[in-house]
Structures are given as structure tokens and as C-alpha cells.
Amino acid sequence: MEFEGQVILVTGAGRGIGKAIASAFAREKARVVLNDLCSQDELDKVAAELSEFEGQCMAIRADVSRSDQVREMIARIERTFQRLDILVNNAGIIRRGTIETVTEEEWDLVLQVNLKGTFNCCKAVVDIMKRQQRGKMINVSSVAGKIGDITSAPGYGSSKAAIDALTKTLARQLAQYNINVNAVAPHAIATEMSAQWSEKKRQAIIAAIPLQRLGTPEDVAAAVLFLASEKANFITGEILDVNGGFVMD
Ligand SMILES: NC(=O)c1ccc[n+]([C@@H]2O[C@H](COP(=O)([O-])OP(=O)(O)OC[C@H]3O[C@@H](n4cnc5c(N)ncnc54)[C@H](O)[C@@H]3O)[C@@H](O)[C@H]2O)c1
């Protein structure tokens, strides 16, 4: 098992896509650190569930938008495992509205969590990965970063486009240390984030997807595990579509 013993941090792992990614690594007997903003109890329950796969799971509640909390989380991981092989920046939020209705606070919050949270985590782990001369950073972006958000969320697509640019910038900068930086760009994945759609909207979204279904969290997890694997060692700065053919670029 390729990931056995590797130390992997997945942010926003309390539910949805993050939980599926953490679960996929746990099945590979990796040592998975689950981060989320939900209660420590809820996160401990998820960690206990995933520990059944014999990997060692650890749950750390922290707000990725807060650099002090992120630094503390990474220091704890370093003290416990003395290494960090893979960082998956998955934590993300959406606030829907139009340019007229979205508030400044909502705009700031989405950018703080999605973009600054990704920046905070990359910054906090880079010294460990440089020392190891090895590491993989994988950001969970969105098709909205490429084409704008189709569900009217001004800050969301903007934050994801900036994540794509950050991914490519770090990929160039960190390649010399054997650190690969990539992203996945999902579309229409069946989670609580997408459960807010009306049935009419859901059907319209499915009709526009060539593969004619919503994606699953496991579809995204499979793409993340590929980018984290040795098979992807010569891939960096890539934004990998996981969208059923909705956008082909
Ligand atoms: N569901 C989709 O259709 C879809 C499509 C494209 C991209 N994405 C992206 O995938 C990622 C996961 O989405 P999801 O659908 O699983 O969403 P979700 O809302 O089900 O899960 C997101 C998780 O992130 C956590 N979180 C939120 N703010 C946080 C913070 N500040 N610090 C730590 N954790 C925090 C939440 O508590 C939650 O557990 C997000 O980045 C999202 O933008 C989702």
C-alpha cells in the first residue's frame, strides 16, 4: 500500500468531500490528521470511524482562516509524527447572492476561509516538506475558478480562481525541493454544500453534465489520491477537472 505510514493532513474533513478523502487515505493505512471547524466531539467520531481501517487517525479542531491556529495544528502534527507527507486543502465555504445582495462580511469570510485558509496551511507546512525534500500539496478548487460560479456566489468563484493561481505559483517555486503542488477542480458533487439546490436546479445541473449524474465525494477522493501518488510525480501546477465533462479545457 503506497500511502501506508505516510502522514496526511486533510482540512475540512468532518464531512463531505474532505471526509471521503480522509477515508480513502485511511483505507490505505496512512496516518491521517483530520481537521475541521466542527466540534472536537464530532471530529473525534469521524476519526474513530476511520481508525477501523488500521491507519492511525488524529482529529484537530482548528479554523484554517486563522494563521495562529494553523501554526499550532502543524506544530502538533510535527511533534507527534515528525513529518508531513501530504497536505490536502479541502476546507471551503460558499455564500450565495448577487453582487447587489452579497454583503462585505460574506465576501470577506469566503475569501478568508477558502483562499487565506489554503495560503495559511501551505505556508505552515512548507518548512517541513523542504526539510524532507519531498511533499505533495493538493488544493480543492472548483470549476467555478475556471468559468465563474454558476450558482451566483461572487466570492466563491473568485476565491477558487485565486487558489488556482496560488497552486501554479507555489508549484513553480517549490519544484526545486521536490514538492508537487496541484489542485482538483470538482463540479456538482453530492454533498451538503450542493444539497442547498432546488430539485429543478439539480436536474438542470445534471442535464448539463455529459456523464449525466452528480459526482460523488469518492470521485474527488480518487483524483486526490492519484495526485498524491508516485504515479503523479511528474505532474505539478495542474488543475485536474473532476466534473463529468461539464467543462473541458
Ligand atoms: N460539493 C460540490 O459540488 C463542490 C464542487 C466544487 C468544489 N467543492 C469544494 O470541495 C470542498 C469541500 O466541499 P463539500 O461539498 O464537502 O462541503 P461541506 O460543506 O460538506 O464540507 C466542508 C467542510 O469544511 C469545514 N470548514 C468550513 N470552514 C472551515 C474552516 N474555517 N476551517 C476548517 N474547516 C472548515 C466544514 O465544517 C465542513 O465540514 C470545498 O473546498 C468546496 O469548495 C465542492
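So, how was this worked out
- Residues numbered from 1 in each chain as written.
- Predicted model: local features only at pLDDT ≥ 70, side-chain atom pairs only at ≥ 80, totals over all residues.
- Heavy atoms only, no water.
- UniProt positions renumbered as here; feature names shortened; annotations may be inferred.
- Helix = DSSP H or I, 4+ residues; strand = E, 2+ residues; numbered from the N terminus.
- Phe/Tyr/Trp six-rings, centres within 6.5 Å; stacked < 30°, edge-to-face > 60°.
- Buried < 20%, exposed > 50% of the residue type's maximum accessible area, 1.4 Å probe, protein only.
- Polar contact = N/O pair within 3.5 Å; in protein donor to acceptor, adjacent residues only side chain to side chain.
- Contact = heavy atoms within 4.5 Å.
- Pairing = 2+ DSSP bridges.
- Axes fitted to C-alpha atoms, helices over the stretch in contact; angles between N-to-C directions.

Going by an unreviewed UniProt entry, the chain carries the name 3-oxoacyl-[acyl-carrier-protein] reductase and comes from Vecturithrix granuli.

(A) Structural view of the UniProt feature "domain: Ketoreductase" (unreviewed entry) in the chain. Mapped onto the present numbering, the UniProt feature "domain: Ketoreductase" (unreviewed entry) falls at residues 6-187. Secondary structure within residues 6-187 divides into 51% helix and 18% strand; the distance between the first and last C-alpha atoms comes to 29 Å.

(B) Local environment of the packing of aromatic side chains. Under the definition given, this model contains one aromatic pair. Ring geometry for Phe3 against Phe25: centres 5.1 Å apart, planes inclined by 90 degrees, an arrangement best described as edge-to-face. Of this pair, Phe3 sits in the segment before strand E1 (7-10) while Phe25 sits in helix H1 (residues 16-27), placing them 22 residues apart in sequence. For the residue pair Phe3 and Phe25, the accessibility class agrees, reading buried in each case.

(C) Here's a closer look at the side chain of Asn180. Along the chain, Asn180 turns up in strand E6 (residues 179-186). A polar contact is formed between the side chain of Asn180 and the backbone oxygen of Ile235, at a distance of 3.0 Å. Discounting chain neighbours no more than four positions away, the residues touching Asn180 are Gly135, Lys136, Met137, Ala232, Asn233, Phe234, Ile235 and Thr236.

(D) Quick peek at the sheet that holds E1. A sheet is described by the order of its strands in space; here seven strands give the open sequence E3-E2-E1-E4-E5-E6-E7, paired in parallel fashion. Whereas interior strands pair on both sides, the edge strands pair on one side only; in this sheet they are strand E3 (57-61) and strand E7 (239-242). Between one strand axis and the next, the sheet turns through 20 degrees on average, direction left out of account. Relative to E3, strand E2 (residues 31-36) runs parallel, the two sharing five bridges. When the sheet's bridge partners are listed, Asn35 is paired in E3 with Ile60.

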